Amino acid sequence: MLALDLELRQGVFTLQGRLTLEQPASGLFGPSGCGKSTLLRAIAGLIRPQRGFIHLDGAPLFDARQGIDVPPHRRQVGLVFQDSQLFPHLSVERNLLYGFKLLPPTKRRFTLAQIVDLLDIGPLLGRRPRHLSGGERQRVALGRTLLASPRLLLLDEPLAALDESRKQQILPFLRRVRDELRLPMLYVSHAINEILSLTPYLAVMEHGRLLGQGLFSEVIRQNHILDLARSLGLENVLQVTVERHEPEIGSTTVRYDHHMLHLPLSALPPGSETWIALRAADVALALQPIGGITIQNQVAGRLMSLRRIADRMIAEVDIGVPILAEVTVKAIHDLGLSEGDEVYCLFKARAWQYLGTG
Amino acid sequence: MWSTLQPTPEELTALWLSLKIGLWCTALIAVPGIMTGWLLARVRFPGKALVDGLVHLPLVLPPVVPGYLLLLLLGRNGPIGRWLFDTWGVTLAFTWQGAVVASAIMAFPLMVRAVRLAVALVEPRLEDAARTLGAGPLRVWLTITVPLALPGILTGLVLAFARSLGEFGATVTFVGNVAGETRTLPLAIYTYTQIPGGDGPALRLVVLSILLALAALWASELGARRVERRLGHQQS
């Protein structure tokens, strides 16, 4: 539905890359300041790339070679800003209807009542934006954009200004938009768990470059993304199913393939799927299972490869899924490990990090 | 005692003339002032520094200089003045319409500065939001930029009106001091101070000027407060 390949220079900053979105909901992930917002502004038509094209549903929104640059008000690309940008001089209702009224009635996909109901903002209609809380503002901003009937919904860190509990209140509304309105959306965030709460499909960006895209668990293993993954503690990512909780001993058991892993207690309902992540440096290797140790997870696998990076070794162990372990060169020598050996991966329960629900 | 406070018809004429010229001047520069202020705040174009300088020149020049330039250009023998007379039968020199033009030139920079500041403070991303919601440039301007800059625009209009009331140098140079035609309050006060026994009338006009200025300030304060409440600048 969205395909782009562009280059955009702004002062010393250069944004470059290509992206094809086929999934109804996709994420765009990258550290703060990597150019995610700039890319969204280019898709919305608020800034013009120097080179390349942006196609939506097969038709060009922008094409440098053909000299096509559809102005933002004709693109029907909705953009929800991080800080809502509600019009302060208009009531909530008039904010919601701003784009709606500009559409010919035949092009309106939703009614005010429908959106108000979906986002639960009925009691706010008569208020001014300044009387709303941060979470309410974001819901109104989302509603305002939805009522303009966009062909593509761009969400620019819509939860970044909210605290954790507010985020959890808004996420269900975003899932409803995804499931009930069937609107293609691109969700931009530097918080991977927010993206994974909506979709496992994402593109990764760093320093103005689009590094790759696809299913999260596959993208994150691509070689040129490893450094970024490492800096974020995302070298090892598994999609697991919650099996059972044992609150009295503070433990949650999750299943990956045929492995059972013991993790810290989580609030997720049994049967739900979630992503968990582990740093490579938090994986220990052993030649045999070890007793009398607090490490809860010991999983057998085969050492597939050893790579030396500066003073450390990256070992890739296949336990049904490749697991990366970062150990010292000395440790590998002392154990006499070589490729093809059978090893046990040791994971501390508390070293795993829950990323979000899908 | 009371009778000495009563303005004479001649003095009232000066008051009405000042009001008339002030209002015409304000009305004349309102739209160009908003456009120019917005242009200087938001649009990059070649020669911007030159436009900026030209607009602000009357603010820093002795008023007699623009007045004299107006006389040269718009006077009966000036290139534009002659054209105006030949084509439209309009005479500006030594008429109240000429006084409107003189005070408009002098008040314009104040209006532009106020608008430019107000527009610069309008969050550009609000305009971006409106654009992505389907509003074209003109609609964004009319429904977002101008309403949000309204307090500054009002301030600019009041400043322009006040400047016009106080205008002396450019007016006297360009349109002279013709009783009933171009003798505004400041010119009338000046005239009375130049003749024997003119202190009484001069003082009365001074009081009138002060009242007029206070009324204008009060009206603008009222308007600004109402607009700001609508924009939500004040805490509830």
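Quick caveat, the model's predicted, so the values are computed rather than measured. (Residues numbered from 1 in each chain as written. Chains lettered and ligands numbered in written order. Predicted model: local features only at pLDDT ≥ 70, side-chain atom pairs only at ≥ 80, totals over all residues.)

1. Re the overall build of chain A
Our working definition: Secondary structure follows DSSP: runs of H or I at least 4 residues long count as helices, runs of E at least 2 residues long count as strands, and numbering of each begins at the N terminus. Here contacts are defined at the residue level, using C-beta atoms placed from the backbone and a cut-off of 7 Å between them.
In terms of regular secondary structure, chain A is built from 10 helices and 21 strands. In terms of overall dimensions, chain A has C-alpha extents of about 70 × 55 × 30 Å along its principal axes. Considering only contacts in chain A between residues 6 or more positions apart, those separated by 24 or more positions represent 67%.

2. Details of the pairing of strand β3 (residues 25-29) of chain A
The side chains of a regular strand alternate between the sheet's two faces. Residues and elements named next belong to chain A. Rules: With C-beta atoms placed from the backbone, the exposure class of a residue follows from how many other C-beta atoms lie within 10 Å of its own: 20 or more, buried; 12 or fewer, exposed; in between, partly exposed. Strand pairing is assigned whenever DSSP identifies at least 2 bridges connecting the two strands.
When you tally the buried positions in β3, you get 5 out of 5 residues, the bulk of the element. The side-chain alternation of β3 yields two buried faces, one formed by Ala-25, Gly-27 and Phe-29 and the other by Ser-26 and Leu-28. Relative to strand β10 (residues 201-206), β3 runs parallel, the two being bridged by 3 bridges. Note that in β10 the partner of Phe-29 across the bridge is Val-204.

3. Considerations on the domain arrangement of chain A
Residues and elements named next belong to chain A. This is how it is decided: Segmentation into domains, and thus their bounds, comes from an automatic or database assignment.
As far as domains go, chain A holds domain 1 (2-231) and domain 2 (236-357). Each of domain 1 and domain 2 was reduced to a C-alpha centroid, and the two centroids are 35 Å apart. Of the residues lining the interface, 10 residues belong to domain 1; the matching set on domain 2 comes to 8 residues. Counting residues per element, the side of domain 1 that touches domain 2 draws most heavily on helix α7 (residues 192-198), which supplies 5 residues.

4. Describing the interface of chain B and chain A
Test applied: Any residue outside Ala, Val, Leu, Ile, Met, Phe, Trp, Tyr, Cys, Pro, Asp, Glu, Lys and Arg is labelled polar, Gly included; the first ten of those are nonpolar and the last four are charged.
With 18 residues of chain B in contact, the opposing surface of chain A contributes 21 residues. Counting residues per element, the ones that place at least two in the side of chain B that touches chain A are α7 (124-132), α8 (137-166) and α11 (199-231) of chain B. Of the residues that constitute the side of chain B that touches chain A, the class distribution is 9 nonpolar, 5 polar and 4 charged.

5. Points about the packing of helix α10 (residues 185-193) of chain B against α11 of chain B
Residue and element names in this part refer to chain B. Applied cut-off: Note on definitions: angles span 0 to 180 degrees between N-to-C directions of axes, and those axes are lines fitted to C-alpha atoms, for helices only across the stretch in contact. Note on terminology: angles under 35 degrees are roughly parallel, angles over 145 are roughly antiparallel, angles of 65 to 115 are roughly perpendicular, and the others are oblique. What makes a crossing left-handed is the near helix being turned counterclockwise from the far one by less than a right angle; a clockwise turn instead makes it right-handed.
Interaxial distance between α10 and α11 falls to 8 Å at its minimum, and their mutual angle equals 155°. Judged by the inter-axis angle, α10 sits roughly antiparallel to α11. In the packing of α10 onto α11, the handedness of the crossing is left-handed. Here α10 contributes Leu-185, Ala-188, Ile-189, Tyr-192 and Thr-193 to the contact with α11, which in turn contributes Pro-201, Ala-202, Leu-205, Val-206, Leu-208 and Ser-209. Of the residues contributing to the contact of α10 with α11, the split by class is 9 nonpolar, 2 polar and no charged.

6. Some details on the confidence of the model for chain A
We count it as follows: Across the chain, each position has a pLDDT score giving the predictor's confidence in that residue, from 0 to 100.
The predicted model of chain A averages 89 in pLDDT, with 99% of residues at 70 or higher. Least confident of the elements in chain A is strand β21 (residues 353-357) of chain A, whose mean pLDDT is 75; most confident is helix α3 (residues 92-100) of chain A, at 95.

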